[in-house]
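Here's the letter readout for the chains.
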Amino acid sequence: MGLRLRLNLLLSLIFVATLGIGSAVLLNVLRQGVAEELTASVEQAAKLISVVVNRLPADIGDRQLQNALNDIVSIGSTRHLRVSANPYANTVVDDEKLNAPRWFFQLLAPDPVGLLRVIDLRSKQRQIVVRADATAEINEAWREAGPLFLTLLLFGLLANGLIYIFLGRSLAALERVGDALQEMTGGDFTAELPAVGVFDFDKISSQVNALSADLRRSKIEARSLARRSLTIQEQERRELSQALHDQLGQSINAIKALGVSIKQRDDIPAEIANSVQSIIDASSEMYDHVRDMMKLLRPSILDELGFRLALENMIDDWNSHHEEVFCELSFDASLREFDENKSINLYRIVQEALTNVIKHA
């Protein structure tokens, strides 16, 4: 599960819990209000009916008493009350008069036992029962609370949607930061993160951009240093190759020349002639080694004949020393000559590749 969905789900659960607690508190307040209103109505009606009943003559006839009771019942029944001369009658909820949902009515309806008053006419063995009818009061409560519940629900959905959009916009910045860091890991330091208008994320983006710029400068400096290092290395190799050619090579050639001149004399013994020939052969072999070292350090043919001929010469020499493997060299007809740095670098790349063939292939 992504961070965006997880945060949105957490906020949704918090909102639902808050809405549930708020609804429970509101329903409890409404229930208490309905109970108090109905209780007051029952008490007041019971007192008024008691006053009327107490004023009836003691010797009133049954027919007159029944007429009086009927009048009391007809007058006493209101929107909140049900007055009856039948103590066994029960108030049944009329669904046609109930505008609120049934679940809302059941949550708010008070205990009917506490909303019943019985007025005894003991001398006549008659009773008047006053019961509370919560239908009208709960309808009124629903008219007041219904829009509030609907408003809270719509507000919650709207807030949840806005939070989801805001989180998406904010977390997109983190995704871009992650992508930029991944690109940096791969060596690409050109990423530039835009501002999203959120202070914390903009601060992170600014720091990542600064880090990218520093790494980009470091990479450029490293390349420059590497090129300079190669240039210095090639210069040192050239100087060393030149020193081998001018000093060691000439010294070896001088030894070889002296040996040849000694051998050409007619008055030297055979043993000395053989020793001189050994010196000449050793000088020739040593000069070949020096020449090979000079080629490795700095191929003079590269400066004298160019990149293409120098490469052909290196391949031919490599093939002559490794007869079990053959290296074929082909050139594009449009291949041009490179400058000194590119030529020596390409030459070294091919040279290293051939060395790796022998080592690993």
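Right, let's walk through the structure included here.

Procedures and definitions
Residues numbered from 1 in each chain as written. Predicted model: local features only at pLDDT ≥ 70, side-chain atom pairs only at ≥ 80, totals over all residues. Heavy atoms only, no water. Helix = DSSP H or I, 4+ residues; strand = E, 2+ residues; numbered from the N terminus. Contact = heavy atoms within 4.5 Å. Areas by Shrake-Rupley, 256 points an atom, 1.4 Å probe, with all protein chains shown as cover. Expected span 1.5 Å × (residues − 1). Buried < 20%, exposed > 50% of the residue type's maximum accessible area, 1.4 Å probe, protein only. Core = buried A, V, L, I, M, F, W, Y, C linked by side-chain atoms within 4.5 Å. Salt bridge = Lys/Arg side-chain N within 4 Å of Asp/Glu carboxyl O.

Moving on, we get to the overall build of the protein chain. The secondary structure content of the protein chain amounts to nine helices and three strands. Tracing the protein chain from N to C terminus, the helices and strands come up as α-α-β-α-β-β-α-α-α-α-α-α. Within the protein chain, contacts between residues separated by at least 24 positions form 74% of all contacts whose residues are at least 6 apart in sequence. When the accessible surface of the protein chain is summed, it comes to about 24,100 Å², and 58% of that surface belongs to carbon and sulfur atoms.

Along its 15 residues, helix 8 (residues 307–321) runs 21 Å from first to last C-alpha, staying within 8% of the 21 Å computed at 1.5 Å per residue. Taken as a whole, helix 8 has its buried residues at Phe307, Ala310, Leu311, Met314, Ile315, Trp318 and Asn319. The inward-facing, buried residues of helix 8 contact helix 7 (300–305) and helix 9 (340–360).

What follows concerns the nonpolar core. Counting 22 residues, the largest nonpolar core has Leu30, Val34, Phe104, Phe105, Leu108, Ala134 and Ile138 as its most contacted members. Counting residues per element, the ones that place at least two in this core are helix 1 (3–54), helix 3 (102–108), strand 3 (126–132) and helix 4 (135–185). Sorting elements by how many residues they give to this core places helix 1 first, with eight residues. Among the nonpolar cores identified, the runner-up in size contains twelve residues, and Ile301, Cys327, Ile344 and Leu354 belong to it.

All chains considered together, the criterion is met by two salt bridges. Between Asp214 and Arg217 there is a salt bridge whose closest N-O contact spans 2.1 Å. Of this pair, Asp214 and Arg217 both sit in helix 5 (residues 199–263), separated by three residues, roughly a single helical turn. Looking at Asp214, the relative accessible area reads 38%, which means it is partly exposed. On the basis of relative accessibility, which here comes to 46%, the residue Arg217 falls in the partly exposed class. Between Glu312 and Arg308 there is a salt bridge, and its shortest N-O distance comes to 3.9 Å.

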